[in-house]
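Breakdown of the fold
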Amino acid sequence: MFNTPLRLAFLCAGLLLIVYFGFNTVSPDINQATKTRMKSLEITGLENLEEEYYSKLTPTQKAELAQLNKELKMAGSESDKSTKMKSISGFWFKLGHYSIAGSYARKVAEIDKSEDAWQIAGTTFLYGLENESDLKHKKFCQQGAVYCLEQAISLNTSEPSHQLNLAMAYVKLPGEEPMKGIKMMLGMESKYPDYLPLQIQLAELGIQTGQFEKAQNRLEKVLLKDPENVDANCLMVRLMEKTNQAEAAKKYQLHCK
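A brief look at the structure comes next.

Parameters and conventions
Residues numbered from 1 in each chain as written. Predicted model: local features only at pLDDT ≥ 70, side-chain atom pairs only at ≥ 80, totals over all residues. Heavy atoms only, no water. Disulfide = S-S within 2.5 Å. Helix = DSSP H or I, 4+ residues; strand = E, 2+ residues; numbered from the N terminus. Buried < 20%, exposed > 50% of the residue type's maximum accessible area, 1.4 Å probe, protein only. Core = buried A, V, L, I, M, F, W, Y, C linked by side-chain atoms within 4.5 Å. Contact = heavy atoms within 4.5 Å. Axes fitted to C-alpha atoms, helices over the stretch in contact; angles between N-to-C directions. Parallel < 35°, antiparallel > 145°, perpendicular 65-115°, else oblique. Nonpolar A, V, L, I, M, F, W, Y, C, P; charged D, E, K, R; others polar.

According to the stated counting rule, one finds 1 disulfide in the structure shown. Covalent S-S linkage joins Cys234 and Cys256, the inter-sulfur distance amounting to 2.1 Å. Its S-S torsion of approximately 110 degrees makes the covalent link between Cys234 and Cys256 right-handed. Remark: Cys256 occurs in the segment after helix H14 (246–253) and Cys234 occurs in helix H13 (residues 230–242); sequence separation between them is 22 residues. On the accessibility criterion, Cys234 (9% relative accessible area) is buried.

Okay, here's the thing in structure tokens:
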């Protein structure tokens with residue numbers, strides 16, 4: 001559920017992963033309380049996840065992973081360890097095991113202490129929320145996403161993408177406060193009225209809940225500023241079809257890919 005707008009966020013996250021594997025930026029240290037909380041998160045089962053997924057690897061994949069782990073053990077400096085863990089994270093990411101990929105990305109962020117590193121870790125866990133089928137794994141990914149995105153926000157409070165991704169971590173797996181993520185997004189609207197990904201996400205939520213008029217108004221505003229926006233056009237097609245406006249939907253299909 002709520003897949004469409006996340007394609008843009010995930011695409012950006014994927015590109016950032018590729019770039020980040022080649023660069024290392026460092027921001028101020030995270031405080032001791034944050035480190036303590038990080039350690040508590042690590043108890044939730046990375047080793048169990050690795051053991052579970054390892055049995056599903058092919059011999060070639062097991063050999064590749066063994067080499068990566070060997071290189072990690074041989075790494076001397078913290079910078080070298082970070083680089084090797086990025087490779088291990090990328091290995092699991094490529095296989096679609098995002099809970100493990102996110103866990104290693106989180107370890108990288110703990111070393112690098114940069115906004116980009118925390119963002120990458122958080123969005124990697126969001127992939128897990130999107131794709132993991134096991135509820136336990138989803139909860140693990142949600143916990144990791146929330147933690148990592150909160151760290152990214154603490155390093156840059158003015159970046160709306162971190163806040164939107166954090167809200168989505170709650171929207172995609174509602175808990176005791178099912179409206180928490182939605183309220184977070186509505187709270188962002190007054191601060192970032194022109195942030196198009198937020199308007200697109202709120203529009204999709206409107207379609208999901210039958211608030212078609214509000215959703216259409218949001219999408220029209222987005223398309224006024226960005227007529228070729230793929231997500232907005234595709235959502236408008238869905239909205240038109242749901243409201244029996246098949247003919248009107250045709251003009252939006254051109255930019256819905």
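Once that is clear, we can look at the nonpolar core. In this structure, Ile88, Trp92, Ile100 and Tyr104 are the most contacted members of the largest nonpolar core, which totals 36 residues. In terms of residue count, the dominant contributor to this core is helix H8 (residues 135–155) (9 residues). Look past the residues within four positions of Trp92 in its chain and what remains in contact with it is Tyr53, Tyr54, Leu57, Leu65, His97, Ile100, Ala101 and Tyr104. Within the second largest apolar cluster, 16 residues are counted, among which are Ile207, Leu219, Ala232 and Leu235.

The N-to-C vectors of H13 and H14 enclose an angle of 170 degrees; their axes lie 8 Å apart at closest approach. Between H13 and H14, the interaxial angle falls into the category roughly antiparallel. Every residue of H14 that contacts H13 at Asn233, Met236, Val237, Met240 and Glu241 is listed here: Ala246, Ala248, Ala249, Tyr252 and Gln253. Of the residues contributing to the contact of H13 with H14, the split by class is 7 nonpolar, 2 polar and 1 charged.

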